[in-house]
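# Commentary on secondary and tertiary structure
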Amino acid sequence: MATNPFRDFLVSYLMPTKCYDEIIVNFHMHVPCLKFILNKACGFWILLDTLLAPFPQLVKILWRGSSAGLSLTSNLLQLYAFSGPIVYAITSNFPLFAWGERLFTLVQSATIVFLILCYRGDTLKGLLFLLAYIAVKFLLGSCASAAIASMMQASSLPALTASKVIQAGTNYFNGHTGQLSSLSVLLSWAGSLAVVFVSLQDTESLFSTVLHLLSACFSCVLLVQLMCYRSSTSKKKTE
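Numbering of residues starts from 1 in each chain and follows the order in which that chain's sequence is written. Whole-chain, interface and lining totals are the exception, using all residues; otherwise, since this is a predicted model, local features are given only for residues with pLDDT of at least 70 and side-chain atom pairs are given and counted only at 80 or more. Side-chain measures here rest on the full set of heavy atoms in the structure, leaving out hydrogens and waters.

## With respect to the overall build of the chain
Rules: The secondary structure listing takes helices from DSSP runs of H or I that are at least 4 residues long and strands from runs of E that are at least 2 residues long, numbered from the N terminus. Should any heavy atoms of two residues lie within 4.5 Å, those residues are considered in contact. Residue exposure ignores everything except the shown protein chains as possible cover, and the areas themselves are Shrake-Rupley values with a 1.4 Å probe.
Along the chain, the regular secondary structure elements total 11 helices and zero strands. Scanning the chain from its N terminus toward the C terminus, one meets helices and strands in the order α-α-α-α-α-α-α-α-α-α-α. Dimensions of the chain, computed from C-alpha atoms along their principal axes, come out at roughly 65 × 50 × 40 Å. Contacts in the chain between residues far apart in sequence, at least 24 positions, make up 77% of those at least 6 positions apart. Per element, the accessible surface of the chain, about 13,500 Å² overall, is 71% carbon and sulfur.

Put into structure tokens, the structure is as follows:
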């Protein structure tokens, strides 16, 4: 009997056989199955955001040879936001597979901060920053108390939201978005919306849901700025 590759893919990665039969075969919009599929899709977007959101920004800086328009303060806050969960995971003795993907994101974010300093003519300062950051990170992972780790974990999301506010303000005052990557912003926006959908199902995390919603809103603001300032950014590149 010939197999159906489309069915095999959906059943393997997106939905159980029962939901495939209900939705695809019987064309019945089964609510529990739809909810299951949405949760699966949201999990995929959250993972994509966690792993790859900074990567297009990193590539764009290297490709253009410029970090114009990128706020150093915004990216430092983003680096702090990515650092918090890792420090918490290390001090809580979580296994590496539970947080290893965040380490990849952290390396990308730290590299972006270094490149911003480097393309501003502060290469030495960037190298000293990287050395200092690695040292502090090692000390926090080795010696930080549970209270400090929990504080860093709890403040990560507000820091990430604040980083988007600062970048949006920088774009507004500059009148262009510079080398801000539209793909990075889009991934962040989609990831924030996915987390909002997941956290809405947990009535005990209202504050976290609101913060994720704010983060998604400011990602949306950045997307709007990328579209509105496109002509100004193009002129900036040609000057």
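## What to know about helix α2 (residues 17–25)
This is how it is decided: Using a 1.4 Å probe on the protein chains alone, a residue whose accessible area is under 20% of its type maximum counts as buried, one over 50% counts as exposed, and one in between counts as partly exposed. What the arc covers is the set of directions going from the helix axis to the C-beta atoms.
What α2 keeps buried is the set Cys-19, Tyr-20 and Ile-23. One face of α2 carries all of its buried residues, which in axial projection span an arc of 100°. Downstream of α2 by a residue or two, Phe-27 has a phi angle that is positive, lying close to 55°.

## Quick word on the environment of Gln-108
The topology assignment puts Gln-108 in helix α6 (residues 100–119). Remark: the alpha-carbon pair of Gln-108 and Met-152, spanning 44 residues in sequence, is separated by 19 Å.

## Some thoughts on the packing of α6 against helix α7 (residues 123–143)
To be explicit about the condition: Every axis in this analysis is a line fitted to C-alpha atoms, fitted for helices over the stretch in contact. Angles between the N-to-C directions lie between 0 and 180 degrees. Orientation labels follow simple angle bins: below 35 degrees gives roughly parallel, above 145 gives roughly antiparallel, 65 to 115 gives roughly perpendicular, and whatever is left gives oblique. Left-handed describes a crossing whose near helix is turned anticlockwise from the far helix through less than a right angle; right-handed describes the clockwise counterpart. Ten residues, namely Ala, Val, Leu, Ile, Met, Phe, Trp, Tyr, Cys and Pro, are considered nonpolar, four, namely Asp, Glu, Lys and Arg, are considered charged, and the remaining ones, Gly among them, are considered polar.
Where α6 meets α7, the closest approach of the two axes is 7 Å, and the angle between their N-to-C directions is 155°. Accordingly, the angle class assigned to the pair α6 and α7 is roughly antiparallel. Along this stretch, α6 crosses α7, giving a crossing that reads as right-handed. Residues Leu-106, Ala-110, Val-113, Phe-114, Leu-117 and Cys-118 of α6 form the contact with α7, whose own contacting residues are Thr-123, Lys-125, Gly-126, Leu-127, Phe-129, Leu-130, Tyr-133 and Lys-137. Its residues assigned to classes, the contact of α6 with α7 comprises 10 nonpolar, two polar and two charged.

## Details of the packing of helix α3 (residues 31–52) against helix α9 (residues 182–200)
Helix-helix packing: each pair is described by the crossing angle between the helix axes and the interaxial distance. Closest axis-to-axis distance for the α3/α9 pair is 8 Å, and the angle between their directions is 140°. With respect to α9, the axis of α3 lies oblique. Two packed elements cross with a definite hand, and for α3 against α9 that hand is left-handed. Together, Leu-38, Asn-39, Cys-42, Trp-45, Ile-46, Leu-48, Asp-49 and Leu-52 of α3 and Leu-187, Ser-188, Ala-190, Gly-191, Ser-192, Ala-194, Val-195, Phe-197 and Val-198 of α9 make up the contact between the two elements. The residue makeup of the contact of α3 with α9, split by class, is 12 nonpolar, four polar and one charged.

## With respect to unusual backbone geometry
Backbone geometry places Asn-93, a non-glycine residue, at a positive phi of 60°. Relative to the helices and strands, Asn-93 is located in the loop between α5 (72–91) and α6.

## Description of the environment of Val-165
By secondary structure assignment, the location of Val-165 is in helix α8 (residues 146–174). Val-165 sits 118 residues away from Leu-47 along the chain, and the two C-alpha atoms are 23 Å apart.

## Quick word on the nonpolar core
Condition: We define the nonpolar core as a collection of buried residues of types Ala, Val, Leu, Ile, Met, Phe, Trp, Tyr and Cys that are connected through side-chain atoms lying within 4.5 Å of one another.
Grouped together as the largest cluster of nonpolar side chains are 13 residues, with contacts concentrated most on Leu-180 and Val-185. Going through the elements one at a time, α4 (54–64), α6 and α10 (206–228) are the ones with two or more residues in this core. At four residues, the largest contribution of residues to this core is made by α6. With residues up to four places along the chain from it excluded, the contact list for Val-185 reads Leu-180, Ser-219, Leu-222, Leu-223 and Leu-226. By size, the runner-up hydrophobic cluster in this structure holds 10 residues, among which are Leu-79, Ala-110, Val-113 and Leu-117.

## Examining the confidence of the model for the chain
For the record, the criterion: For every residue, the predictor assigns a confidence score, pLDDT, that lies between 0 and 100.
In this model, the chain carries an average pLDDT of 85, and 92% of its residues clear a pLDDT of 70 or more. Ranking the elements of the chain by mean pLDDT puts helix α11 (residues 230–238) last, at 58, and α4 first, at 94.

## Remarks on a nonpolar patch on the surface
Counted only if it meets this: Surface patches are drawn from residues lacking salt bridges whose relative accessible area is over 30%; two like charges belong together within 9 Å, two nonpolar side chains (Val, Leu, Ile, Met, Phe, Trp, Tyr) within 5 Å. Throughout this description, the term salt bridge denotes a Lys or Arg side-chain nitrogen within 4 Å of a carboxyl oxygen of Asp or Glu.
On the surface, Leu-52, Phe-55, Val-59, Trp-63 and Phe-104 cluster together into a nonpolar patch covering about 530 Å² of accessible area. Here the nonpolar patch takes three residues from α4, the largest share from any one element.

## A look at the side chain of Thr-105
Position of Thr-105 among the secondary structure elements: in helix α6. Judged by relative accessible area, Thr-105 falls into the buried class, the value being 2%. What Thr-105 contacts, discounting residues up to four positions off in sequence, is Thr-50, Leu-51, Pro-54 and Phe-82.

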